[in-house]
Amino acid sequence: MTKLPAADLQLPLFAYSQRESLTEKRAWIALQEHHQYSARHFRLERLFAADPRRGETLIAEAAGIYLDYSKNLVTTETMTLLMQLARQCGLQDRVEAMFRGDRINATEQRAVLHTALRKPASERLVVEGEDVIAQVQDVLARMEVFAEQVRSGAWTGHTGRPIRHVVNIGIGGSDLGPMMAHEALRHYSQRDLSLHFLSDVDAAALLETVRGLPAEETLFIVCSKTFTTLETMTNAQAARQWLVQQLGDEAAVVRHFVGVTTNIEEASRFGIDERNMFGFWDWVGGRYSMSSAIGLSTMIAIGPQHFRDMLAGMHAMDEHFRTAPLEQNLPAILGMLTVWYGNFFDARSQAVLPYSQYLKRLPAYLQQLTMESNGKQVTLHGEPVDYQTSPVYWGDNGINGQHSFYQMLHQGTQMVPCDFIGFCQPAQALEQQQELLMANMFAQAEALAFGKTVQRVREEGTPEELVPHRVFPGNRPSNSMLIEQLTPYSLGSLIALYEHSVFTQGVIWNIDSFDQWGVELGKQLAKRTARELIDHGQPLHHDSSTNALIRRYRACQGGTVASDPSK
Ligand SMILES: O=P(O)(O)OC[C@H]1O[C@H](O)[C@H](O)[C@@H](O)[C@@H]1O
């Protein structure tokens, strides 16, 4: 892509940043008062009693997702004020700027165009003189040819055997999206192809992955936006060595390794044939990249048409986000509710609870999407924020969670807003299991919202000394998302919903949701420390804790200390 002239480099920082502090905005002050004098006294049972149709009106629906946000500590007045805040923060202008391809990732001087990855081929989007849709479609077409070759067995390995195992090597955004999508869409996957994900640089990860894999039927997809990430490069080199050792020929690499990257040069140096590289662009952030060529393993597993369906679901949500009025806009509603709880109720975390075995990796995926995007402490101007930014996102498969951490959600001392996600039709059916699953989701949201009073606990004949233990305070907020069925389309739409909710939050907080400088320091220190762990003679200049840990490690390696008697 063409580079901006140096003189323009400062412009976007100021173009998209809000000069007025968030906490000085009229709507913010109004929300503070609303919280102080009304909202902090809201009781969900009273809100529901006052408006018998609340559960049918505080809802929004788009791109196959029905969102019920009535079990939140809000009234229509709250929602009006929240949307006023969004407007005063310029949300709609920022949305337009993102979709247009402005360099809204100000600290890296990059456009943010993951939405272009899922636009229909018939559209055009010219950014800095280039039609990005044409570029996207070109890569998609090449991915489709390759994916079909692998799926049909036409792509053969070095010894002429078809590929039966695909190993995605990548980390962060080059792992979590494809891994989550693979789990979510297993039902759509070609049965005679198995997918594996290798991210951890712990040798056990590689060895456990390749154990039992026939090298002649194994394809490695090295996914790395930069092609310099240490963990991925280390794993890719080790996998390469394993393959060459197994097949006894360096020439095998070209049939068993393909690359997905923005860095063609580095990938060539690794030995990947340029014809087997699938590119993307610096305007696709790692955690926003599952709809780019990073989704190659997804496409191989579910096939090009289903991959296109996933893109269509994303696009439908993108368009909804771009065009729907804020009051009916799902990502805006979700995003503003997160702002509401974090900034006015001091909620520090947000639970994501899918009632679907297939979505068990969704919370892990969302952790990078949300926290790497919005875990920031300075505004676009570089000034410290004086309000809370990203909450901790966490969660698990809802049913499993019920039998472990839901205790804290119901009776703990912290407010944890919850997102429940469920499906009307199961991807796989066994009699009544679907009803049992969804009954639990509805019951949990109801129990959190309305609890159980002292009076009811007593009426149940509970011994007096146990009454306080068996009371459920209720008034714990949640969203319920109901989707017809888990399909590539609905998965795409769900992911785009969260992407844009994250964007909404970032706009309000006036931060750069698309950089990740916070991951750099640890990487730098690890490089130096790695040298010290390899060469025990290197002097140590860390703090006393780190020095002592390294000395202990060296001694343990050298066999001069041992604490495990079983060894
Ligand atoms: O795709 P890569 O360039 O290998 O980057 C992989 C990951 O590593 C980094 O440390 C970032 O924190 C992530 O945002 C990124 O997704």
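Residues numbered from 1 in each chain as written. Predicted model: local features only at pLDDT ≥ 70, side-chain atom pairs only at ≥ 80, totals over all residues. Heavy atoms only, no water.

The name that an unreviewed UniProt entry assigns to the protein is Glucose-6-phosphate isomerase, with the source organism given as Herbaspirillum frisingense. Database annotation for the protein, UniProt heading Function (unreviewed entry): "Catalyzes the reversible isomerization of glucose-6-phosphate to fructose-6-phosphate." (UniProt positions renumbered as here; feature names shortened; annotations may be inferred.)

Visitor: Teacher, can you tell me more about the UniProt feature "active site" (unreviewed entry) in the protein here?
Guide: The UniProt record annotates "active site" (unreviewed entry) at E372, H403 and K523. With a sequence span of 152 residues, these residues are also far apart in the fold, their greatest C-alpha distance being 37.0 Å. The topology assignment puts E372 in helix α16 (residues 362-374). Residue contacts for E372: discarding those within four places in its chain leaves R287, Q367, D515, Q516 and V519. Within the secondary structure layout, K523 lies in helix α23 (residues 520-534). Classification of K523 by relative accessible area gives partly exposed; the value is 44%. (Helix = DSSP H or I, 4+ residues; strand = E, 2+ residues; numbered from the N terminus. Contact = heavy atoms within 4.5 Å. Buried < 20%, exposed > 50% of the residue type's maximum accessible area, 1.4 Å probe, protein only.)

Visitor: Just checking my understanding: could you explain the packing of helix α2 (residues 26-37) against helix α5 (residues 76-88) for this structure?
Guide: Two quantities define a packed helix pair, namely the angle between the axes and the distance from one axis to the other. Taken N-terminus to C-terminus, the directions of α2 and α5 make an angle of 155°; their axes are 8 Å apart at the nearest point. Taken together, the axes of α2 and α5 lie roughly antiparallel to each other. The handedness of the crossing between α2 and α5 comes out as left-handed. For the pair α2 and α5, contact is made by R26, A27, W28, A30, L31 and H34 and by E77, T78, L81, L82, Q84, L85 and Q88, respectively. A class-by-class count of the residues in the contact of α2 with α5 yields 7 nonpolar, 4 polar and 2 charged. (Axes fitted to C-alpha atoms, helices over the stretch in contact; angles between N-to-C directions. Parallel < 35°, antiparallel > 145°, perpendicular 65-115°, else oblique. Left-handed = near helix turned anticlockwise from the far one by under 90°. Nonpolar A, V, L, I, M, F, W, Y, C, P; charged D, E, K, R; others polar.)

Visitor: What is the right way to look at the confidence of the model for the protein in this model?
Guide: The predicted coordinates should not be examined in detail at positions where pLDDT is low. Chain-level statistics for the protein give a pLDDT mean of 95 and a share of 97% at 70 or above. Note on residues 1-11: pLDDT under 50 across the span, and 12 contacts to partners over four residues away in sequence or across chains. Across the interface, the model reports ipTM at 0.98; the global pTM reads 0.95. (pLDDT = per-residue confidence, 0-100.)

Visitor: Quick question: what am I supposed to make of the environment of V201 here?
Guide: As for its placement among the helices and strands, V201 is situated in the loop between β6 (194-198) and α9 (203-210). Overall, V201 belongs to the partly exposed group, its relative accessible area being 42%. Remark: the alpha-carbon pair of V201 and P477, spanning 276 residues in sequence, is separated by 39 Å. In contact with V201, not counting residues within four places along its chain, are E231, T234 and N235.

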